[in-house]
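The chain contents come next:
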Amino acid sequence: MHHTALLIFFSWFFALPVSAATVTALDREPIKGAISGIDNQKRLLVAPESGGQVGIALDSIEEVDFGRALENPSADVSPLRIVLIDGSAFVGKIVTDDDDIEDTFCMETLRAGKIRIAIDDVARLELRKHPQALTDAPPTANELESPGKQKPDCKFYKPDGKSFLCRLYGIREDGAIVYVEGFDEEGQGSRREWKEMRTLVRRDEELKEKDSLFAIIATDRGDKIMGEITSWKDGLLQVDADFASGVKEKQEVPLEIREEHIVNIVFKNGRFVYLSDMAPSKTKEHPYFRSTDFNEDDHLFPYQKDKAQGGGALSIAGKRYSKGLGVHAISNLTYATNRRFTKFISVIGIDDSAGELASVEFKVLVDGKEAQFSITELRDGEQAERKDKTTGVIRKSHGSLRIEVDIAGAQEVALVVDAADNADVNDRANWANAKFVR
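Conventions adopted
- Residue numbers restart at each chain and count upward from 1, following the sequence in its written direction.
- Two thresholds apply to this predicted model, a pLDDT of at least 70 for residue-level local features and 80 or more for giving and counting side-chain atom pairs, whereas whole-chain, interface and lining totals are computed over all residues.
- Calculated side-chain values reflect all of the structure's heavy atoms, with hydrogen atoms and water omitted.
- A residue's pLDDT is the confidence the predictor assigns to it, expressed on a 0 to 100 scale.
- Whether two residues touch is decided by their heavy atoms; if any such pair falls within 4.5 Å, the residues are in contact.
- When the centres of two rings from Phe, Tyr and Trp lie within 6.5 Å, Trp using its six-membered ring, the rings pair. Their planes under 30 degrees apart give stacked, over 60 give edge-to-face, and anything left gives tilted.
- A run of H or I in DSSP becomes a helix once it reaches four residues, and a run of E becomes a strand once it reaches two; helices and strands are each numbered from the N terminus.
- Remark: exposure states derive from per-residue accessible area (1.4 Å probe, protein chains only) relative to the maximum for the residue type, with buried under 20%, exposed over 50%, and partly exposed in between.
- Our definition puts a charge over a ring when NZ of Lys or CZ of Arg is within 6 Å of the ring centre and also within 35 degrees of the ring normal.
- In this text, buried Ala, Val, Leu, Ile, Met, Phe, Trp, Tyr and Cys residues form a nonpolar core when linked through side-chain atoms within 4.5 Å.
- Salt bridges are identified by distance alone: a Lys or Arg side-chain nitrogen within 4 Å of an Asp or Glu carboxyl oxygen.

Caption draft 1: Local environment of the confidence of the model for the protein chain. On average, residues of the protein chain carry a pLDDT of 84, and 86% of them reach 70 or more. Scored below 50 in pLDDT, residues 1-17 makes 53 contacts in the model with residues more than four places away or belonging to other chains. Confidence over residues 245-252 falls short of pLDDT 50; this stretch has 6 contacts with residues more than four positions distant or in other chains.

Caption draft 2: The packing of aromatic side chains, seen in detail. For the coordinates displayed, the defined rule picks out 8 aromatic pairs. Their ring planes at 75° and their centres at 6.2 Å tell us that Tyr 335 and Phe 436 sit as a pair that is edge-to-face. Of this pair, Tyr 335 sits in strand 27 (residues 331-336) while Phe 436 sits in strand 36 (residues 428-437), placing them 101 residues apart in sequence. Here Tyr 335 matches Phe 436 in class, with each residue buried. Put simply, the rings of Tyr 335, Phe 341, Phe 344, Phe 362, Trp 431 and Phe 436 touch in pairs and so form one group of aromatic residues. Cation over ring: Lys 319 sits above Tyr 321, and NZ or CZ is 5.1 Å from the ring centre. Above the ring of Phe 272, the side-chain terminus of Lys 435 is found at 5.4 Å from the ring centroid.

Caption draft 3: Up close: the nonpolar core. Within the largest apolar cluster, 51 residues are counted, with the highest numbers of intra-cluster contacts made by Val 64 and Ile 265. Element by element, the count of residues in this core is highest for strand 12 (residues 163-172), at 4 residues. If near-sequence neighbours (up to four positions away) are discounted, Ile 265 is found in contact with Glu 62, Glu 63, Val 64, Phe 66, Ala 215, Ile 216, Ile 217, Ile 229, Trp 232 and Leu 237.

Caption draft 4: Molecular detail of the pattern of salt bridges. Inspection of the entire model under this criterion finds 31 salt bridges. Notably, a salt bridge pairs Arg 167 with Asp 153, separated by 4.0 Å at the nearest N-O pair. Taken together, the positions of Arg 167 in strand 12 and Asp 153 in the loop between strand 10 (122-127) and strand 11 (154-157) put the pair 14 residues apart, joining distant regions of the chain. For Arg 167, a relative accessible area of 29% gives the class partly exposed. You can call Asp 153 buried: its relative accessible area is 3%.

Written as structure tokens, this is what we have:
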């Protein structure tokens, strides 16, 4: 059993202006207005610009979008990105703390404040000045087979890409404490300074999925906070963060985040299921040009969950998405739906990391047949809707399109991205916020 993280947050105590947001939910038109809170019926209360107040059930909300862009902080100010095993992620620096709590460390972030994290909760530790750190892979099961007493659980990547296996013992202001079999004979580990490291990646953990409704909050400085929103008032959110479960036995200090620092919020375990939280029943992915003995297991561009093919966040026309699938043409992902869902909804487009030659075509197959779907796009500041069985050729200049497909009674649904007129050059495509509606 891993140690749970303890959290200490220092918040501002003065009121700031409440931000306007666009709330997208199932079975209704998007609403833009100020958020005034969450009521006892678990509804988000929105005051539309036209006046009045509307309550929207949290389990039906697709996204609360504040219309802000991500502004990556300098790697000198916030040198580290830490990803936890529950999916939370924080950008900041390690700081010394007065409390000496075994097997934990403190991180100072620009938006979530000062947080205390348990060593065993860390899944990835990346030096942000190295772009390659995003794609460094965890150790495989075969690599972790070790005859030694101190079995490794991490892969340590140096700036030049060379790596070795180790066990993570601690994280300090000036570096990480790791144990390397055969080199650290006393078994206590040795300090590796940040300049010696690019990435430290722990083995994949099998986590029990939460079955209750919770939020995924993305900040404008690259943090991703996962947990239940317990209070939302006067532009201030209090969050029972997933990685801080158990903190109530230690201290009553909620994580707080202001609206003005939030890019967007999506909810999980509501009336819909994100495809990035499911495993496809079949995949068929390959390059435009392939040999007769091509093996899909050797494909360089397999689909990615909740990130783009380039390794960064899913992004279309400058907008980031916390959930979705990043694929590279040619891609066919099939999901067993077993008549459990009524609709498929997604925002589609070319990822911002792709080059200008990117050109793809999106299709949805329902029980093997091309399905007609509704396509909504933004033209001259107004929404336009059409119905078709294909999107036609999509380029970066098209921005994002929202599609909706009727899948009631379907046994399986396949998401297809074909290469268009430039073979598969730069063809990084996104199924952002892709979901099956119950």
